[in-house]
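# Architecture and fold: a report
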Amino acid sequence: MQTYTPSEIMITSSARAMAGERVVFVGVGLPNIACNLARRTVAPDLELIYESGVFGARPARLPLSIGDAALFSGAISACSMADLFMNYLQGGLIEVAFLGAAQIDRFGNLNSTVIGDYRQPKIRLPGSGGACEIAIHARKILIIMPLSKRAFVEELDFVTSPGHLDGQPGARQKAGMPGSGPQRVITDKAIFDFGGEIPEMRLISVHPGVAVEEVQAEVSWPLNIAPQLAETAPPSAEELRIIRQHLDPARIYRLDADKRG
Amino acid sequence: MQTYTPSEIMITSSARAMAGERVVFVGVGLPNIACNLARRTVAPDLELIYESGVFGARPARLPLSIGDAALFSGAISACSMADLFMNYLQGGLIEVAFLGAAQIDRFGNLNSTVIGDYRQPKIRLPGSGGACEIAIHARKILIIMPLSKRAFVEELDFVTSPGHLDGQPGARQKAGMPGSGPQRVITDKAIFDFGGEIPEMRLISVHPGVAVEEVQAEVSWPLNIAPQLAETAPPSAEELRIIRQHLDPARIYRLDADKRG
Amino acid sequence: MRQAIAEYVHDGDSIAIEGFTAFICFSAAHEIIRQRRRNLTLCRMTPDLIYDQMVAAGCASKLVFSYLGNPGVGSLHCIRRAVEKNVPNPLELEEYSHFGMVSRYLAGAARLPFFPLRSYYSADLAQANPRIRFIQNPYGDEQLAAVPALNPDVAILHAQRCDQEGNTQLWGLIGMQKEVAFAARHVIVVVEEIVAEEVIRSDPNRTLIPHMIVDAVVHQPRGAHPSYVQGYYDRDNQFYVEWDRISRDRSAVENWLDEWVYSLDDGRAYLDRLEAGEADIWERLAPGEAYSQPVNYGIYG
Amino acid sequence: MRQAIAEYVHDGDSIAIEGFTAFICFSAAHEIIRQRRRNLTLCRMTPDLIYDQMVAAGCASKLVFSYLGNPGVGSLHCIRRAVEKNVPNPLELEEYSHFGMVSRYLAGAARLPFFPLRSYYSADLAQANPRIRFIQNPYGDEQLAAVPALNPDVAILHAQRCDQEGNTQLWGLIGMQKEVAFAARHVIVVVEEIVAEEVIRSDPNRTLIPHMIVDAVVHQPRGAHPSYVQGYYDRDNQFYVEWDRISRDRSAVENWLDEWVYSLDDGRAYLDRLEAGEADIWERLAPGEAYSQPVNYGIYG
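Residues numbered from 1 in each chain as written. Chains lettered and ligands numbered in written order. Predicted model: local features only at pLDDT ≥ 70, side-chain atom pairs only at ≥ 80, totals over all residues. Heavy atoms only, no water.

### Quick word on the sheet that holds strand 2 (residues 47-50) of chain A
Residue and element names in this part refer to chain A. Note the following rule: In this scheme, strands are said to pair when DSSP sees at least two bridges between them. Only DSSP runs of H or I with at least four residues qualify as helices, and only runs of E with at least two residues qualify as strands; both kinds are numbered from the N terminus onward. In what follows, a contact means two residues having at least one pair of non-hydrogen atoms within 4.5 Å. Lines fitted to the C-alpha atoms define the axes, with helices restricted to the stretch that makes contact. Angles between their N-to-C directions range from 0 to 180 degrees.
Strand order in the open sheet made by the 10 strands is 4-3-2-1-5-10-11-12-13-14, with mixed pairing throughout. Because the sheet does not close on itself, it has two edges, and the strands there are strand 4 (77-78) and strand 14 (225-231). Of the pairings in the sheet, the one linking strand 10 (residues 140-144) to strand 11 (residues 182-186) comprises four bridges and is parallel in character. Bridged to Ile141 within strand 11 is Pro182. Packed onto the sheet, helix 4 (residues 81-89) meets strand 1 (23-25), strand 2, strand 3 (54-55) and strand 4 and runs at close to 135° relative to strand 2.

Shown next as structure tokens:
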């Protein structure tokens, strides 16, 4: 078996979670690589939509940002951001979207706004951008975050992007949110779903060589573990070949993520 | 002095009422000819905007409708109708607009919807189209209608486009309407303004050879006559030359109007 | 076209064949008439000749609209007969202004339940149509009008070109085609040309209707006759004037429908018949050439 | 540029130099810094490096935004210093999501007092920002969020080309440029090229900003460097990365402002300095050619 890096197994796990999907809302970095991998493997019809208003992009290089000029030249469609947010996202066309954040709680609510008090923050983070509405409207949310106790917290300092709220079944619908919320949390050590009796983060798979205790050590609440805990299937040789030869040959995003992870 | 037709004096009177204006919302027919005449005479900077979403048109023929293909080829801008109604009209960019109707009351309210009861109409007319919001938003309204007792009525069967409402000063602002409402009613026999103590139709000018009694005979309410009633200046030779040689050489609209008038 | 209509347009559906003066897909309307659909709710800002014909053929039980006219010519006599005399059947009217219809499509496209607009103050339309409501501005004490979202079951939109997938580009009088497409549950796109994906990709800003909302693509050149398609053919104004005459007389309308719709198999047969009557019709309606100057999107990578 | 900024941008004004990743008019920002404007309210979805520089230079007292980041690189350190440490002065934040800002511009452009959107349910932003409110759907029992119109005193918008009058065309990432222009009280358009009216007229659908809302036209080629203009130059990503280093250190920022803004006369001097440091910079950022295929608008008449 080939060796692989933590970011590579995050990429392959994310790609596989998109099997059969057709329309994904994507940012730069790992999600972008994961989507392109999915398109070449488990989701051949997958359409990548960027919040900058473009889809059907055929970039001649790895995009440097979600507004990269390379995404526009030769794309199928480039629309205004009003159209993008109103007609595509709020319009219900986005089947799956990726989010990350600085903090996540057990119900998949996300914070990317501040650490500390909102008015007098210890660390001012970027804020919502598109995340709040992506979390509300995309039919499914996949979350990619490296596992860390600082990030997987009991209580968020700020709710930027609503997940399953207080964990009451049906809470999202009651609050008026069309999307079904977070489906997976994909980390560098393990994968979680929200498939238990209540929509709470549940460990369903640990990556090869990772013990459950290592996962628990990086999560602030007592783990909910699925009855049939699996070992994550490692990246296949073909997946690694596509990632390394085609999707990120310069290791721009994999390196970065590996340093963080 | 040259002879001229009733529609020609309506055109020249309308054109002169646009002196110095810059942005006009225009339909086909007489208003279109009047605007083009104004641009060549009293309003050289006049920009014609059509509700089909086009401005800066340079049609190679007299447009057959407000959506004529000739208006789009070679125009400065062609936008969606959402942009047109939201950003141009509601956005307050339209300085002056023309309206006509089947019925008008003394306060310049207009009916272009039904004759008779709305649910069981004697005659079903076209309805609002853009007229209701044009009447509300354009800064000034000019009304062009042939004078006739059937049209100049005591009470409208239906208010399609609000004018000065019940004639109370400030009634439009109180109702939330940004535009200042009807300024002139230009007919084939006379011209009215709304410049009295209350914004009521007021005879300010009769066309050459027309007696006040002839005007009164075609209006259902007792005329309010301005203290200094004028005689309308007839079309000049130059105005007639432009209309006849350039703007409507085939007499498409002038003929039509003259039959009605 | 036959298959697309059979699959997506059912009795009782609400449909929108949109296009303001331009891009009016008569070929789709004729196919719906031929398939004898009934009880349709017909949505269009300007019903125009196309819904005049469908109402005359008995397809419609309701009209949602904002201007009833034969543009530049006069009245829509068939619709007036239905409204004034219940012929061939009663026709319910749901009436807005243009801006109201525009706002309804905008709300429908954005999956908002309503759209706010500054209109209908002191006008009778809000009394005539209880679906027009008023809401409070949450930032001041004024009231605004609101109209409800319009989400037709099917939109049929004509355009210049799309690729095999249905990514559709149009230019000229773009009207509300984009918003109607996003608002509808199903979308049928009818085009003058199906082009290579590379043509679409050369100008992504011109793609107004994306393939993911398109259910069927129909290649029907000249399928918008007698309306026009910018750069492809002009409006056949002779027909608009002639319809004014035909439509005044109910039996003339029925003869016309027999001759030009029921007795013909499809849009191709309609064009054959047109060309048989006037060999040089397409020369008469040919627009000449005025090409856009290309813009550079660049190559990045 | 000097004259346009002097005439339209005043102390205390709210301004929007928009452009999402692309079309960011740094040359205008530098001129505002040079003219030492103070107490500005800076509106932008993504403050990006441009407002990081303006905040560092002390021009701003308030930021209206939806995402604080150096796109693809990291944090905006100057803005963080202002928010976390009040350096060089306190900076008030008025925060939305992207969709919230988009909606504010849409309302501003349409002269609606607010715009409805389905958002902010159970999110803390609505608590943090009392200008986000909730309204009742007049057609059902659900609530919708509302954001107030944003009508900046001045919008500065970069684009590829316009004519002498200011009729402006852009392509690529069109973002919110059109809506911001309609929303603003005054509009300054900065372009790569001023072209003949005939170029604009050859493709009227591409005209997004009409001359009647444009107060000043500035011809400033490469005036969006280090951001990009589709088809004209690429983003200078080296600078985006370098700014991450510079901006971490307050005195390095001050040196940079001295060197690249205060000590230079204008945008031309900035380009001279860039080219002096890297002779082939424009070759490095050259995008190559990928032209749109022309479309036929036809000649009618």
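From this point, things continue past the structure.
### Some thoughts on the relation of the copies chain C and chain D
To keep it simple, the criterion reads: We superpose the copies by least squares over the C-alpha atoms of residues that have a pLDDT of at least 70 in both of them.
It takes a turn of 180° to lay chain C on chain D, together with a shift of 0.0 Å along the axis; the resulting RMSD is 0.0 Å. Between the two chains, the operation in question is that of a two-fold axis. Among all residues of chain C, the one whose C-alpha sits closest to the rotation axis is Pro294(C), at a distance of 2.7 Å. Here 98% of the interface residues in chain C have copies in chain D that are interface residues too; the copies meet face to matching face.

### Describing the domain arrangement of chain C
A common measure of how large an interface is: the accessible area buried when the components associate. Worth spelling out the cut-off: Domain start and end points were adopted from an automatic or database domain assignment.
Assigned domains within chain C: domain 1 (2-95 + 151-277) and domain 2 (114-148). The gap between the C-alpha centroids of domain 1 of chain C and domain 2 of chain C is 30 Å.

### Some remarks on unusual backbone geometry
Residue Pro88(C) follows Val87(C) across a cis peptide bond; omega there is 0°. The topology assignment puts Pro88(C) in the loop between helix 4 (77-85) and strand 4 (92-95). Here His225(D) and Pro226(D) are connected by a cis peptide whose omega angle stands at 10°. Along the chain, the position of Pro226(D) falls in the loop between strand 12 (216-219) and helix 9 (237-246). Here the phi dihedral of Phe23(C) falls at roughly 60°; this positive angle occurs in a residue that is not glycine. Looking at the element boundaries, Phe23(C) is found in the loop between strand 1 (14-17) and helix 2 (26-34).

### Thoughts on the nonpolar core
Side chains that are nonpolar tend, in soluble globular proteins, to be buried together. For clarity, the threshold we go by: By nonpolar core we mean a set of buried residues, namely Ala, Val, Leu, Ile, Met, Phe, Trp, Tyr and Cys, connected to one another through side-chain atoms within 4.5 Å. The rule is simple: take the accessible area with a 1.4 Å probe, protein chains only, and divide by the maximum for that residue type; under 20% is buried, over 50% is exposed, in between is partly exposed.
One finds Met54(C), Ile156(C), Met54(D) and Ile156(D) to be the most contacted residues of the largest nonpolar core, which totals 412 residues. Discounting chain neighbours no more than four positions away, the residues touching Ile156(C) are Ile5(C), Val9(C), Ala16(C), Ile17(C), Glu18(C), Cys25(C), Ala28(C), Ile32(C), Ile188(C) and Val190(C).

### Details of the interface of chain A and chain C
Let me state the cut-off plainly: Accessible area, probed at 1.4 Å, shrinks when two parts are joined; the buried area is that loss added up over both. Salt bridge, as applied in this entry: a Lys or Arg side-chain nitrogen positioned within 4 Å of an Asp or Glu carboxyl oxygen. Polar contacts, as counted here, are pairs of nitrogen or oxygen atoms within 3.5 Å of one another; within protein the pair requires one atom able to donate a hydrogen and one able to accept it, and residues that are adjacent in sequence qualify only if both atoms are side-chain atoms. Here the nonpolar group is Ala, Val, Leu, Ile, Met, Phe, Trp, Tyr, Cys and Pro; Asp, Glu, Lys and Arg are the charged ones; every other residue, Gly included, is treated as polar.
Listed as interface residues are 26 residues of chain A and, on the opposing side, 25 residues of chain C. In total, chain A and chain C occlude about 2100 Å² of area from one another, counting both sides; carbon and sulfur atoms represent 57% of this. Applying the counting rule to chain A against chain C returns two salt bridges. Viewed at the interface, chain C and chain A are joined by 10 residue pairs in polar contact (both at pLDDT 80 or more). Listed by contribution, the elements that provide at least two residues to the side of chain A that touches chain C are strand 2, helix 3 (69-72), strand 4 and helix 4 of chain A. Counting residues per element, the side of chain A that touches chain C draws most heavily on helix 4 of chain A, which supplies four residues. When its residues are assigned to classes, the side of chain A that touches chain C shows 14 nonpolar, seven polar and five charged.

### A word on the packing of aromatic side chains
We count it as follows: Pairing of aromatic rings covers Phe, Tyr and the six-membered ring of Trp, with a centre-to-centre limit of 6.5 Å; geometry is then stacked below 30 degrees between planes, edge-to-face above 60, and tilted otherwise. Note on geometry: a ring has a charge over it if NZ (lysine) or CZ (arginine) is within 6 Å of the ring centre and within 35 degrees of the ring normal.
Scanning the model with the defined rule gives 28 aromatic pairs over all chains in all. For the pair Trp243(C) and Trp256(C), a centre-to-centre distance of 5.2 Å together with 75° between the ring planes defines the contact as edge-to-face. With Trp243(C) in helix 9 (residues 237-247) and Trp256(C) in helix 10 (residues 250-262), this residue pair connects regions lying 13 residues apart in the sequence. No difference in accessibility class separates Trp243(C) from Trp256(C), as the two residues are buried. Centroid distance Trp256(D) to Trp260(D): 6.4 Å. Interplanar angle 20°. Geometry classified as stacked. Note that Trp256(D) and Trp260(D) are positioned in helix 10 (residues 250-262) at a spacing of four residues, about one turn of the helix. Judged by relative accessible area, Trp260(D) falls into the buried class, the value being 17%. Through a chain of ring-to-ring contacts, three or more aromatic side chains come together here, namely Phe239(C), Trp243(C), Trp256(C), Trp260(C) and Tyr270(C). Positioned above the aromatic ring of Tyr240(D) is the side chain of Arg235(D), whose terminal nitrogen or guanidinium carbon lies 3.9 Å from the ring centre.

### Concerning the interface of chain C and chain D
At the interface, 50 residues of chain C touch 49 residues of chain D. Buried area between chain C and chain D, summed over both chains or domains, comes out near 4600 Å², and the portion from carbon and sulfur atoms is 56%. Three residues, Tyr139(C), Asn296(C) and Tyr300(C), lead the burial of chain C against chain D; their summed loss comes to 17% of the area buried on that side. Between the two partners, chain C and chain D, sit two salt bridges.

### Structural notes on the side chain of Glu94(C)
Residue and element names in this part refer to chain C. Mapping Glu94 onto the fold places it in strand 4. With a relative accessible area of 8%, Glu94 lands in the buried category. Side chain to side chain, Glu94 and Arg104 meet in a polar contact 3.0 Å long. If we ignore the near neighbours within four places in the chain, the residues touching Glu94 are Lys62, Leu63, Val64, Phe65, Arg104, Asn129 and Arg131.

### Observations concerning helix 1 (residues 6-16) of chain A
Burial of helix 1 of chain A is extensive: nine of the 11 residues sit out of reach of the surface. Among the residues of helix 1 of chain A, those classed as buried are Ser7(A), Glu8(A), Ile9(A), Met10(A), Ile11(A), Thr12(A), Ser13(A), Ser14(A) and Ala15(A).

### A few points about the side chain of Ser202(C)
In this structure, Ser202(C) sits in the loop between helix 8 (197-201) and strand 11 (207-209). Only 3.0 Å separates the side chain of Ser202(C) from the backbone nitrogen of Gln293(D), close enough to count as a polar contact. Once residues within four sequence positions are removed from consideration, Ser202(C) is found in contact with Tyr297(C), Tyr291(D), Ser292(D) and Gln293(D).

### Notes on the pattern of salt bridges
Two side chains of opposite charge can pair, provided their charged atoms sit close to one another. All chains considered together, the criterion is met by 64 salt bridges over all chains. The partner of Glu94(D) in a salt bridge is Arg131(D), with the nearest N and O atoms 3.5 Å apart. With Glu94(D) in strand 4 (residues 92-95) and Arg131(D) in the loop between helix 6 (125-128) and strand 6 (133-136), the pair connects residues that are 37 residues apart, well separated along the chain. Counted as one network, the salt bridges with shared partners bring together Lys62(C), Glu92(C), Glu94(C), Arg104(C) and Arg131(C).

### Examining the sheet that holds strand 3 (residues 54-55) of chain B
All names here are of chain B. A sheet is described by the order of its strands in space; here 10 strands give the open sequence 4-3-2-1-5-10-11-12-13-14, paired in mixed fashion. Edge positions in the sheet fall to strand 4 (77-78) and strand 14 (225-231), since each of these pairs with one other strand and no more. With three bridges connecting them, strand 1 (residues 23-25) and strand 2 (residues 47-50) associate as parallel partners. For Phe25, the partnering residue across the bridge sits in strand 2 and is Ile49. Against the sheet, helix 2 (residues 30-40) touches strand 1, strand 2, strand 5 (96-99) and strand 10 (140-144), its axis set at about 160° to strand 2.

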